[in-house]
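Single-letter residue listing:
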Amino acid sequence: MEHLGFPTETVVIFVVTVALSLFLDLFAHKRDTDVTLKSACLWSVFWVVVSVAFGIYLYVHHGSEMASLFFTGYVLEKVLSVDNMFLIMAVFSWFSIPNEYRHRVLYWGVLGAIVFRAVFVAIGTGLLSFGPYVEVLFAAMVAYTGFMMLKKGEQKDEIEDYSSHIAFRGVKRIFPMWPRLHGHDFFLTRKHAEEEAARLGLSVEGMGRRAAFVATPLFLCLAVIEVSDVMFAFDSVPAVIAVSREPLIIYSAMIFAILGLRSLYFVLEAMSRYLVHLEKAVIVLLFFIAAKLLLSALKHAFDFGFELSPHVSLVVVLAVLAVGIIASIVDAPKGGKRGA
């Protein structure tokens, strides 16, 4: 019996591998703590090893052609999704999410990505018509975040009350919201929120009248990250579908690439604590990503302008990061090491 073009055994092995790996990831990061550089590197290696192991399984049981298609789709998805790593960094900065909560947000973000990518694979490119509008929205947000990071410099202002945050003001009209972070919680019961509001002297405006639960800004951040993943799927899904028509090959390549890329995010974040000029490189890349999104939107909507190829984009990202790392190493005697 076959499912998704492959025997049931192969589908089960894929599902079990991903499920067990995610469980290990959740168990290893069950506490709200910063992800260290060593831990981030080890988990990045772990996801690469798991991906390669699945590719070897395909080679042994389904031949070199299936394995080759899997690795081609895996690498392509990685390259096409690199921009999303910097957009996630911009979203976290925009919401001023503390480092200790970021793994939790990305973990649940991965689960959402698994669902949304399945939807994209199922319906093909049917959602592409929304792409240009979403790209313009995120281009503006990324550029704004770049300006704010450039303006703040070394300052890392935390947001205590989100009542005046533009995202909060827009969402509270249609969804009940709590204006402050509440640990790592995504939701509060209405009763608890009302008790907290009375204790802190906060207004209950924006919490709705009949809602049983209210969302925290951490959930709002998660929702924006999920939308960003969907946006980048506009480009990556059709590209990977072009590599293979086998649903399991397409889907498994995407999922393993996404899982590894989210871990790689923490490598970059941890490195920025030690390399004094890496943050400047990230700011440059945020403006680059914003420009790329805007050009892509113009091309898709009006067939005007041009799109940068994934290879050019990857070269720019690697070159800018390399300059930031080298500058930090050269300047190490003067700048020293930032606190972890």
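Quick note: structure is the one above.
Description of the structure in this document.

**Side note on the environment of Ser51**
Then step 1. Tracing the backbone through its elements, the reader meets Ser51 in helix H2 (residues 37-62).
Then step 2. Residue classification places Ser51 among the buried positions, given a relative accessible area of 1%.
Then step 3. Note: C-alpha distance between Ser51 and Ser252 (201 residues apart in sequence) is 8.9 Å.
Then step 4. Not counting residues up to four positions away in its chain, the partners in contact with Ser51 are Phe70, Phe71, Tyr74 and Phe256.
Then step 5. Here Trp47 takes part through its backbone oxygen, which lies 2.7 Å from a polar atom of the side chain of Ser51.

**As for a nonpolar patch on the surface**
Then step 1. Where nonpolar side chains cluster on the molecular surface, the patch consists of Val48, Val52, Ile56, Tyr59 and Val60 and spans about 450 Å² of accessible area.
Then step 2. Examined against the element boundaries, Ile56 turns out to sit in helix H2.

**Remarks on the side chain of Arg262**
Then step 1. With respect to the helices and strands, the residue Arg262 is situated in helix H9 (residues 247-274).
Then step 2. Overall, Arg262 belongs to the buried group, its relative accessible area being 7%.
Then step 3. Beyond its immediate sequence surroundings of up to four residues, Arg262 is in contact with Asn84, Ile88, Leu106, Gly109, Val110, Ala113, Ile225 and Asp229.

**What to know about unusual backbone geometry**
Then step 1. In this model, Ser96 sits at a positive phi of 50°, which is unusual for a non-glycine residue.
Then step 2. Along the chain, Ser96 falls in the loop between helix H3 (64-95) and helix H4 (99-123).
Then step 3. Residue classification places Ser96 among the buried positions, given a relative accessible area of 12%.

**Brief notes about the packing of aromatic side chains**
Then step 1. Applying the stated criterion across every chain, the model contains 19 aromatic pairs.
Then step 2. Ring centres of Phe14 and Phe54 lie 5.7 Å apart, and the angle between their planes is 50°; this geometry places the pair in the tilted category. Residue Phe14 is found in helix H1 (residues 8-28), and its partner Phe54 is found in helix H2; the two are separated by 40 residues along the sequence.
Then step 3. With a centroid separation of 6.1 Å and 85° between ring planes, the pair formed by Phe70 and Phe256 is classed as edge-to-face. A residue pair is termed long-range when its members are at least 10 positions apart, and Phe70 in helix H3 and Phe256 in helix H9 qualify at 186 residues. Here Phe70 and Phe256 have matching classes, each one buried.
Then step 4. Aromatic rings pair up to connect Phe14, Phe54, Tyr57, Phe70, Phe71, Tyr74, Tyr251 and Phe256 into one cluster.

**Points about the nonpolar core**
Then step 1. One finds Phe86, Leu87, Phe92 and Phe95 to be the most contacted residues of the largest nonpolar core, which totals 56 residues.
Then step 2. Breaking this core down by element, the ones donating at least two residues are H3, H4, helix H5 (131-152), helix H6 (166-171), helix H8 (217-243), H9, helix H10 (278-302) and helix H11 (310-330).
Then step 3. Here this core takes eleven residues from H3, the largest share from any one element.
Then step 4. Ignoring any residue separated from it by four or fewer positions in sequence, one finds Leu87 in contact with Phe138, Met141, Val142, Ser228, Met231, Phe232 and Leu293.
Then step 5. The next biggest cluster of nonpolar side chains, apart from the first, holds 27 residues, and it includes Val11, Phe54, Leu69 and Tyr251.

**Thoughts on H2**
Then step 1. Over its 26 residues, H2 extends 37 Å from the first C-alpha to the last, a length consistent with the 38 Å expected when each residue adds 1.5 Å.
Then step 2. Among the residues of H2, Ala40, Trp43, Ser44, Trp47, Val50, Ser51, Phe54, Gly55, Tyr57 and Leu58 are the ones counted as buried.
Then step 3. Within two residues after H2, Gly63 carries a phi angle of roughly 95°, on the positive side.

**Some details on the pattern of salt bridges**
Then step 1. Counted by the stated rule, this structure contains two salt bridges.
Then step 2. Across the pair Arg102 and Glu269 runs a salt bridge whose closest N-O atoms are separated by 2.7 Å. Of this pair, Arg102 sits in helix H4 while Glu269 is found in helix H9, placing the two residues 167 residues apart along the sequence.
Then step 3. The class for Arg102 is buried, based on a relative accessible area of 12%.
Then step 4. The closest approach of N and O atoms between Arg199 and Glu196, which form a salt bridge, is 3.0 Å. Of the two residues, Arg199 and Glu196 both sit in helix H7 (residues 190-200), three residues apart, roughly one turn of that helix.

Rules behind the numbers
Residues numbered from 1 in each chain as written. Predicted model: local features only at pLDDT ≥ 70, side-chain atom pairs only at ≥ 80, totals over all residues. Heavy atoms only, no water. Helix = DSSP H or I, 4+ residues; strand = E, 2+ residues; numbered from the N terminus. Buried < 20%, exposed > 50% of the residue type's maximum accessible area, 1.4 Å probe, protein only. Contact = heavy atoms within 4.5 Å. Polar contact = N/O pair within 3.5 Å; in protein donor to acceptor, adjacent residues only side chain to side chain. Patch = residues over 30% accessible without salt bridge, like charges linked within 9 Å, V, L, I, M, F, W, Y side chains within 5 Å. Areas by Shrake-Rupley, 256 points an atom, 1.4 Å probe, with all protein chains shown as cover. Salt bridge = Lys/Arg side-chain N within 4 Å of Asp/Glu carboxyl O. Phe/Tyr/Trp six-rings, centres within 6.5 Å; stacked < 30°, edge-to-face > 60°. Core = buried A, V, L, I, M, F, W, Y, C linked by side-chain atoms within 4.5 Å. Expected span 1.5 Å × (residues − 1).

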